[in-house]
Every structure is written in C-alpha cells, then in structure tokens.
Amino acid sequence: MTHAEIVSLLGDQAESLLTHTCTTIPKEQLHLPGPDFVDRIYGPSNRNIPTLRSLHALYNHGRLARTGYLSILPVDQGIEHSAGASFAKNPIYFDPENIVKLAIEGGCNAVASTFGVLAATARKYAHKIPFIVKINHNELLTYPNKFDQIMFGTIEDAWNMGAVAVGATIYFGSEESSRQIVEVAEAFAYAHELGMATILWCYTRNSAFKRDGKDYHTAADLTGQANHLGVTIQADIVKQKLPTLNGGYKALNTGGSSYGKLDERIYTHLTTDHPIDLTRYQVANSYMGRAGLINSGGESKGASDLADAVFTAVVNKRAGGQGLISGRKAFQKPMNEGVALLHAIQDVYLDAEITVA
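Residue indices follow the written sequence of each chain, beginning from 1 at its first position. Since the coordinates come from a predicted model, pLDDT governs what is reported: local features require at least 70, and pairs of side-chain atoms require 80 or more to be given and counted, while whole-chain, interface and lining totals use all residues. Side-chain figures throughout are based on the complete set of non-hydrogen atoms in the structure, without hydrogens or water.

Chemist: Kindly report on the pairing of strand E11 (residues 292-296), identifying the contributing residues and their values.
Modeler: Exposure categories follow from relative accessible area, calculated using a 1.4 Å probe and restricted to protein chains: below 20% of the type maximum is buried, above 50% is exposed, and the middle band is partly exposed. Think of it this way: any DSSP run of H or I at least four residues long counts as a helix, any run of E at least two long counts as a strand, and we number them from the N terminus. The element E11 is extensively covered by neighbouring structure, given that 5 of its 5 residues are classed as buried. In this structure, strand E10 (residues 237-240) lies alongside E11, joined through 4 bridges in parallel fashion. Each residue of the ladder has a partner; that of glutamine 240, found in E11, is asparagine 295. Whether two strands pair depends on DSSP finding at least two bridges between them. Relative to strand E12 (residues 323-325), E11 runs parallel, the two being bridged by 3 bridges. From the neighbouring strand, asparagine 295 faces E12, where its bridge partner is leucine 324. With helix H14 (residues 305-319) bridging E11 and the parallel E12, this β-α-β connection has right-handed handedness. Looking down the strands as they point away from the viewer, one classifies a crossover as right-handed if the path from the first strand across the helix to the second runs clockwise.

Chemist: Can you explain the packing of helix H13 (residues 275-285) against H14? Please cite residues and give values.
Modeler: Where H13 meets H14, the closest approach of the two axes is 8 Å, and the angle between their N-to-C directions is 55°. Relative to H14, H13 is oriented oblique. Note on packing geometry: the crossing formed by H13 with H14 is right-handed. The segment H13 lies against H14, with Pro275, Ile276, Thr279, Arg280 and Val283 engaging Phe311, Val315, Asn316, Arg318 and Ala319. Classifying every residue of the contact of H13 with H14 by side-chain character gives 6 nonpolar, 2 polar and 2 charged. Helix axes use the C-alpha atoms of the stretch in contact, all axes being lines fitted to C-alpha atoms, and the angles between their N-to-C directions lie in the range 0 to 180 degrees. Roughly parallel here means an angle under 35 degrees, roughly antiparallel means over 145, roughly perpendicular means 65 to 115, and every remaining angle is called oblique. By definition, turning the near helix anticlockwise from the far helix through less than a right angle yields a left-handed crossing, and turning it clockwise yields a right-handed one. By definition, residues are in contact when any of their heavy atoms lie within 4.5 Å. Residue polarity is assigned by list, with Asp, Glu, Lys and Arg as charged and Ala, Val, Leu, Ile, Met, Phe, Trp, Tyr, Cys and Pro as nonpolar; anything else, Gly included, falls into the polar class.

Chemist: Describe unusual backbone geometry, naming the residues involved and giving the relevant values.
Modeler: Omega for the peptide link from tyrosine 143 to proline 144 comes to -10°, which places this bond in the cis form. With respect to the helices and strands, proline 144 occurs in the loop between strand E4 (136-137) and strand E5 (150-151). Of note in the backbone geometry, aspartate 212 takes a positive phi value of approximately 50° without being a glycine. As for its position among the elements, aspartate 212 is in the loop between strand E8 (210-211) and strand E9 (214-215).

Have a look at this one:
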C-alpha cells in the first residue's frame, strides 16, 4: 500500500493524524522503536541471554523484521468468544493449521494462539514463524457467563513446543485481578527463566467503568495505569485497546465515591483529546516505551475494517507505539483479504513518511 493510498483511507482525518505534533509528552523523552531496540532496551535489563534471543526472533521475523515494529496475528477467540461465534464467518479457521498459514502469508512477526492450536502445529511450523502461547483465557460456557482469566496450561508445555513467548491477560479492576496478577507474575518469571519473552493483554474490566452512557474501559487514564501495572510484573510487551476517551478516574470519583488517585495534570498537561496524545499517554505508562505498546486491532465491522486498521496503525505509530495485534479483522474474512489487511497494517510501519508525532 502506498502512502497516497494510506492517506486516502484516512479520509478527512488524514491531515489531523499525519500532521499532528505532540506537545504533551515530547517524543524526545520516549524510547522509540528501531532496529537496535532489543539490544538498546532489553539488553541492559535483567533478561537472560535465552530471553534476549527469543526477543530477537520476535522482532526479526516477517515483513517488519529489523524495524523495531511488530505485526502479530492473535487467534484465541475460539475460547474467549466461542469457536462458533468466531469462526462461523470463515470455518476454515476451525483447523489450527490455517491460523498459522494466515500469519505466515500475512508476513507477521509471530502468531499468538492457544495451547491447543499451537501444539497441533508445532512440529511443522514452530521453526518457521515465532509462536506466542496464550496461557490464560476467559471461557463462556459456564452458566451464567462469568468473566475471569484462568490458566489453561503450563509454561513448560509452551517451552517444549518451541514458543519464543507467552502471552496472558489480566482483567485489571475486576474482583479477580489480585489473583490474576499473582498468577501471571509467577508465570512470567518462570517464562523468563526458561528464555521466553512475555506479552500482557492489559485489559480493564469492571461494570462500574461504564458511567452515564460512556465506556471508560478505553479511557486513557485507566488503560495507561493498567499498562503501568503490566510492565511492573515485567511484561516485555503490553497489548492495550486504543484509547477513545479520557477521564475514567474523574467519572468514578463522583457521587461521594473515592476511587484511585489522580492529578489534574493528567488531563491538562499529559494528554489532550487527540487520539495520538491519548495513546502517547499509554506509551508513557509503559516505561516511556521501554516495554513496547501494541494496540488491539478490534472487532471486525465489515466494509470499514481496512480503514479502521490503518487508522489504528497510524495512531499507534505516531504515538510511539510498536505495532498492532490484529485478529478478527484478518481471520473473519477470506484468507486473501485477511493477508491484504495485515499487509496494509505493516505498510503503515514501513512508510517512512509516517513519523512519530
């Protein structure tokens, strides 16, 4: 995809997105992606040599190899959202091999999926594309449905199938979050000990986060703090939903309630309403970019998927993020269209005219 095609897909938002300059947290204060990112940022850390080798494998594969950016295909929705609901649009993805094939054909850095999917394909593909094993999930078969991330396998199993990384989700803000933090912190420590990188889905979840018709699950202040908790348990990379608004702490500190801690400068100095500035705050909370921020590609909406994916990629890149992890937009359509969408995302990160704001 050419620069002109990217501009066309951005439509009337193109000028605002492509010419914006952050005056909140300047880019000079960030640890930005680049070919030397692993050596420059992870090298001086406590990560052992096998983990550094795994990180190199992750950053040096696919169309974005040696750029410091990541394009990951995540397909764990067979558990998270149920297989039927996820794969009915394209039943070929009931077969795990097609998930891996999509990631390879799509030029991704890695494929992230369940123990079952990656175990079924490990001997054929683990040496051809980096595997990221998602170690915990929410299951939707318990009645009534509940929302809790539980472990589905062991770190040893992920290592034995040749995975370079493990991924996990924590529902920050939920009643179960304390247990999840402890479980995932212990799992990540063991993964690092065995030489695997760690990626954390830093999601917020609490029914109270919906107030007055607004959904603060994607508020910059709440998701930013979720990222900060994630990097505290030594996630090498954090996955977060793109922020769409701000003021989560303020909304939850109304009606006599007391929630969290805030400083007005979060809203007056560290962010604005611009999507790039809101995402820059997520990057800042990820140790100023020392842990790479990859944003979620979001659900598939049909005809607007390509434009939506390019929008998210542009915002993430210009904010100082490291890439996208996009699943449903890619696998819920014919494989050739999924490949084209993944390539379009990658083209944003390969476009030298799209710079950090």
